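# Overview (structure and organization)
Take a look at the letters that make up each chain.
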Amino acid sequence: MAGRHRLLLENAQQLVLVCGRGEEYLLREGSRSLCSLSVVCRDGCIKAVGQADVIRSQFSGATFERIIDCSGKCVLPGLVDAHTHPVWAGDRVHEFAMKLAGASYMEIHQAGGGIHFTVEHTRNATEEELFNTFKHRLERMRRAGSTLVECKSGYGLNLETELKMLRVIERAKQSMDIGISSTYCGAHSVPKGKTATEATDDIINNHLPKLKELKLSGEIHVNNIDVFCEKGVFDLESTRRILQAGKDIGLQINFHGDELHPMKSAELGAELGARAISHLEEVSDEGITAMARAKCAAVLLPTTAYMLRLKQPQARKMLEEGVIVALGSDFNPNAYCFSMPMVMHLACVNMKMSMNEALAAATINAAYALGKSDTHGSIETGKQGDLVIINSSRWEHLIYQFGGHEALINYVIVKGKVVYENEKCETMSSY
């Protein structure tokens, strides 16, 4: 096949397809590995996947901008981080000491810390300051293998700052080699001086119409709507009103639910046709059943349960009931983790997922939770050329080596373009 192609990956020890028959998601064991395979990328997409000798023959007349010899290495789909809060100013390192001393999330919140602390700093930051810190955070996520990241607003709680955050996310979408699914999360907390009902009315009457206007003018493209449905924050009825209003202007529903208290968020999400619900540490049995029936993804966040010492989400029960389980880092000032390999490790150890289940949850299922599994999340012809090459003959090292990804991830590829190359991998063993 003659012509100029961007990238050839050849002779991979293992090629982890994750799924190879056009599945939208995987419910249980799913990663499929093949040996001595090659991948061809052209025009940002995967052009061919197959046995190395067959690919070599098929593309014998082609020229490539770059050829990477993957002998002794593994090729996996780019990882998908289905839940992050990466745009903010200041940090909350001082609160970590409070947590270690026994303060709960809500105690810190009520003492003026938590979300409100970050809101104050984010409101005072310039758009340029926010963009620069956001850019560096995305680069760190990318070095850890993430090629598609869900990014929320939510540290503004007023229209002006929420739009500032969304403009920063839009700018990164347009200028950086990483996939972004943007989420409006103006209902992350109730602003000081307002009741939950007043905040809900403000979002429905002012924030969402402005987002619709900016979408129509092409200035900002938001994908999802999020609400923190929680006792003392937004109750079930306020959550319903905001999510329905967001859905009415074309946003996917993807919200925080059943984290600290059982709120029947899962039942509400299933009823409203939510694409995904995050957290779910306190989900009811009825909520799990409802999510399975509605094909509503559960975005589980093992970092949050670990750092806040909450009970772990019931990943095993969800998987057995047929829920689509995805993973996210929940990167934010409260859970400062960039690394999906570490998230997968925690999911296996603390939530009792298998490595195959964790990989599916951090690729095809996380893509599904963002409405992107037709283009992302697996190595299949026609999908976007987002790939990770690791310096190991077995893909499981990506999960097994807790915190070891910096010496293990050799290349990160987005749309067929190498966006990160770790030269240390060429001179050192990953073992």
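Parameters and conventions
- Here the residue numbers are simple positions, counted from 1 along each chain's written sequence.
- Confidence filtering applies because this is a predicted model: local features only for residues at pLDDT of at least 70, side-chain atom pairs given and counted only at 80 or more, and all residues used for totals across whole chains, interfaces and linings.
- Side-chain measures were taken over the full set of non-hydrogen atoms in the model, leaving aside hydrogen atoms and water.
- Each helix is a run of H or I in the DSSP string that is no shorter than four residues. Each strand is a run of E no shorter than two, and both are numbered from the N terminus.
- For the radius of gyration, the atoms used are the C-alpha atoms, and the globule rule reads 2.2 Å times the number of residues raised to 0.38.
- Contacts between residues were defined by any pair of non-hydrogen atoms, one from each residue, lying within 4.5 Å.
- All accessible-area figures derive from a Shrake-Rupley calculation using a 1.4 Å probe, and residue coverage is judged against the displayed protein chains alone.
- How far each domain reaches was decided by an automatic or database domain assignment.
- By convention, the term buried area covers the 1.4 Å-probe accessible surface removed from two parts as they join, with the contributions of both added.
- Here, a salt bridge means any side-chain nitrogen of Lys or Arg that lies within 4 Å of a carboxyl oxygen of Asp or Glu.
- Any N or O atom pair separated by 3.5 Å or less is treated as a polar contact, with the protein-specific requirement of one donor-capable and one acceptor-capable atom, and with residues adjacent in sequence counted only for side-chain atom pairs.
- Polar here means any residue other than Ala, Val, Leu, Ile, Met, Phe, Trp, Tyr, Cys and Pro, which are nonpolar, and Asp, Glu, Lys and Arg, which are charged; Gly is therefore polar.
- Working convention: axes come from line fits to C-alpha atoms, limited for helices to the stretch in contact. Angles between N-to-C directions cover 0 to 180 degrees.
- Note: crossing handedness is left-handed where the near helix turns anticlockwise from the far helix by less than a right angle, and right-handed where it turns clockwise.
- Throughout this description, buried means an accessible area under 20% of the type-specific maximum (1.4 Å probe, protein chains only), exposed means over 50%, and partly exposed covers the range between.
- If DSSP finds at least two bridges between two strands, the strands pair.
- Stacked, edge-to-face and tilted are the three classes for Phe, Tyr and Trp ring pairs, Trp counted by its six-membered ring, which pair at centre distances within 6.5 Å; planes under 30 degrees apart are stacked, over 60 edge-to-face, the rest tilted.

### Observations concerning the overall build of the protein chain
Scanning the protein chain from terminus to terminus reveals 17 helices and 18 strands. Taking 22 Å as the expected radius of gyration for a compact globule of 431 residues, we find that the protein chain reaches 21 Å, a close match to that expectation. Reported as C-alpha extents along the three principal axes, the dimensions of the protein chain are approximately 70 × 45 × 40 Å. Across the protein chain, every contact between residues at least 6 apart in sequence was considered, and the portion connecting residues at least 24 apart equals 72%. As displayed, the protein chain offers around 16,300 Å² of accessible surface, 49% of which is attributable to carbon and sulfur atoms.

### Description of the domain arrangement of the protein chain
As assigned here, the protein chain comprises domain 1 (3-77 + 378-421) and domain 2 (79-370). The C-alpha-based centres of domain 1 and domain 2 are spaced at 29 Å. Across the contact, 33 residues belong to domain 1 and 33 residues belong to domain 2. Surface buried jointly by domain 1 and domain 2 totals about 2,900 Å² across both partners, of which 67% is contributed by carbon and sulfur atoms. For the pair domain 1 and domain 2, the number of links is one salt bridge. Here D177 makes a salt bridge to K417, at a shortest N to O gap of 2.8 Å. Where domain 1 packs against domain 2, one counts five residue pairs in polar contact (both at pLDDT 80 or more). Of all the secondary-structure elements, those providing two or more residues to the side of domain 1 that touches domain 2 are strand 7 (74-77), helix 16 (397-400), strand 17 (409-414) and strand 18 (417-421). Counting residues per element, the side of domain 1 that touches domain 2 draws most heavily on strand 17, which supplies four residues. Residue composition of the side of domain 1 that touches domain 2, by class: 20 nonpolar, five polar and eight charged.

### Side note on the packing of helix 6 (residues 159-175) against helix 7 (residues 196-216)
Here helix 6 crosses helix 7 at 35°, and the two axes come no closer than 11 Å. For the pair helix 6 and helix 7, the crossing hand works out as right-handed. Facing helix 6, whose interface residues are L159, E162, L163 and L166, helix 7 presents N206, H207, K210, L211 and L214.

### Observations regarding unusual backbone geometry
Phi is positive for N11, which is not a glycine, with a value near 65°. Along the polypeptide, N11 turns up in strand 1 (residues 3-12). A relative accessible area of 22% means that N11 is categorised as partly exposed. Phi is positive for K295, which is not a glycine, with a value near 55°. Tracing the sequence through the fold places K295 in the loop between helix 10 (285-294) and strand 14 (297-300). Take K295: its relative accessible area is 44%, and that puts it in the partly exposed class.

### Focus on the pairing of strand 4 (residues 37-42)
Strand 4 sits mainly inside the fold: five of its six residues count as buried. Where strand 4 meets strand 5 (residues 45-51), six bridges bridge the pair, whose relative direction is antiparallel. Bridge pairing in strand 5 links V40 to A48. What sits between strand 4 and strand 5 in their antiparallel hairpin is a turn of two residues, with D43 showing a positive phi close to 55°.

### Re the packing of aromatic side chains
The geometry of two aromatic rings is summed up by the distance between their centres and the angle between their planes. All chains considered together, the criterion is met by seven aromatic pairs. When the centroid spacing of 6.5 Å and the interplanar angle of 55° are considered together, the rings of F59 and F64 count as tilted. Here F59 falls in the buried class, since its relative accessible area comes to 5%. Overall, F64 belongs to the buried group, its relative accessible area being 16%. Taken together, a centroid distance of 6.0 Å and an interplanar angle of 25° make the contact between W88 and F331 stacked. One end of the pair, W88, is in the loop between strand 8 (79-81) and helix 2 (93-100); the other, F331, is in the loop between strand 15 (325-327) and helix 13 (340-351), with 243 residues separating them in the sequence.

### Some points on the sheet that holds strand 11 (residues 224-227)
Across the sheet, eight strands lie side by side as 8-9-10-11-12-13-14-15; this open sheet has parallel pairing. At either margin of the open sheet sits one strand with a lone partner, and together these are strand 8 and strand 15. Neighbour-to-neighbour, the strand axes of the sheet open up by a mean angle of 25°, direction not taken into account. Here three bridges tie strand 10 (residues 179-187) to strand 11, and the two strands are oriented parallel to one another. The partner of A187 across the bridge, within strand 11, is V227. This element, helix 6, spans strand 9 (146-152) and strand 10 of the sheet and lies at about 175° to strand 10. The sheet strands contacting helix 9 (residues 265-272) are strand 12 (252-257) and strand 13 (276-279), and the helix crosses strand 12 at an angle near 175°.

### Things to note about the environment of G114
Structurally, the position occupied by G114 is in the loop between helix 3 (105-110) and helix 4 (115-124). C-alpha separation for the pair G114 and N334, spaced 220 residues apart in sequence, amounts to 7.5 Å. Setting aside anything within four residues of it in sequence, one finds G114 in contact with R92, E95 and I108.

### With respect to the pattern of salt bridges
Tallying each qualifying case throughout the model produces 22 salt bridges. With a closest N to O distance of 2.7 Å, E271 and R240 form a salt bridge. Here E271 is found in helix 9, whereas its partner R240 is found in helix 8 (residues 236-248), with 31 residues between them in sequence. For the salt bridge of E357 with R316, the shortest nitrogen-to-oxygen distance reads 2.9 Å. With E357 in helix 14 (residues 355-361) and R316 in helix 12 (residues 315-321), this residue pair connects regions lying 41 residues apart in the sequence. What makes E357 buried here is its relative accessible area of 5%. The network of salt bridges with common partners includes E150, K152 and D226.

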